[in-house]
Amino acid sequence: MNYFKSTMIAAAVLAVSLGNASAQGRYEVLIDNWSEVEIASVQMSPTADDCWGDDLLGAYIVDGLGEAIVEPTVQQGCVYDIRVTFVDGRVLMLDEFNLCATAAIRVGPFGLETINA
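Quick notes on the rules
Residues numbered from 1 in each chain as written. Predicted model: local features only at pLDDT ≥ 70, side-chain atom pairs only at ≥ 80, totals over all residues. Heavy atoms only, no water. Helix = DSSP H or I, 4+ residues; strand = E, 2+ residues; numbered from the N terminus. Buried < 20%, exposed > 50% of the residue type's maximum accessible area, 1.4 Å probe, protein only. Contact = heavy atoms within 4.5 Å. Pairing = 2+ DSSP bridges. Axes fitted to C-alpha atoms, helices over the stretch in contact; angles between N-to-C directions.

Chemist: Before we move on, can you summarise the environment of Gly66 with the specific residues and values?
Modeler: Following the sequence through the fold, Gly66 ends up in the loop between β2 (39-46) and β3 (67-70). Given a relative accessible area of 14%, Gly66 falls into the buried group. Aside from chain neighbours lying at most four places away, what touches Gly66 is Ile31, Asp32 and Asn33.

Quick look at the structure:
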């Protein structure tokens, strides 16, 4: 990864984490797409729920190697699951992450990784 992208990601994570410090039940999470495939949807739900929440991207598509900020609402505690769907139909999921402490989610071609605030 080049220096510019590393610096921009660090700045975005800092901005998101500062925003989360003042949020009241609503969080900003950076979705950092390290894959070359576009992301079609991002859904989160409390781990205890049986169904997924709304698509947090709406009509927006995250470009390959691009990023977006989503704003999930914390409904029940901080333990959430996330599902990312690419435009080619592939799905990546991460179970039981702490939404309240997460500033960014790195989306790689083979998995998801949280970056804490």
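Chemist: Before we move on, can you summarise the pairing of strand β4 (residues 79-86) with the specific residues and values?
Modeler: Most of β4 is tucked away: six of the eight residues are buried. Relative to β4, β2 runs antiparallel, the two being bridged by seven bridges. The partner of Ser45 across the bridge, within β4, is Asp81. Sheet topology note: the β4/strand β5 (residues 91-98) ladder contains six bridges and is antiparallel. Paired with Thr85 across the bridge in β5 is Val91. Between the antiparallel neighbours β4 and β5 lie four residues, among them Gly89 with a positive phi of about 95°.

Chemist: Now, about the environment of Ile105: what can you tell me, with residues and values included?
Modeler: One can find Ile105 in strand β6 (residues 102-107). It is 6.0 Å that separates the C-alpha atoms of Ile105 and Ile115, two residues lying ten residues apart in sequence. Ignoring sequence-local partners within four residues, the contact set of Ile105 consists of Val29, Leu30, Ile31, Asp32, Met44, Ile82, Phe97, Leu112, Glu113 and Thr114.

Chemist: Describe the sheet that holds strand β1 (residues 29-33), and please don't skip the residues or the numbers.
Modeler: One open sheet accounts for four strands, arranged β3-β1-β6-β7; its pairing is mixed. Looking at strand neighbours, the two that pair on one side only are β3 and β7 (112-116), the edges of this open sheet. If you compare each strand with its neighbour and ignore which way they point, the axes differ by 20° on average. Of the pairings in the sheet, the one linking β1 to β3 comprises four bridges and is antiparallel in character. Residue pairing in the sheet places Asp32 in a bridge with Glu67 of β3.

Chemist: Go over the sheet that holds β4, please, and point to the residues and values.
Modeler: Backbone hydrogen bonds hold the strands of a sheet together, and the pairing may be parallel or antiparallel. Pairing in this open sheet of three strands is antiparallel, and the strands run β2-β4-β5 from one edge to the other. The two strands at the open ends of the sheet, each matched to only one other strand, are β2 and β5. Direction aside, neighbouring strands of the sheet carry axes that sit 15° apart on average.

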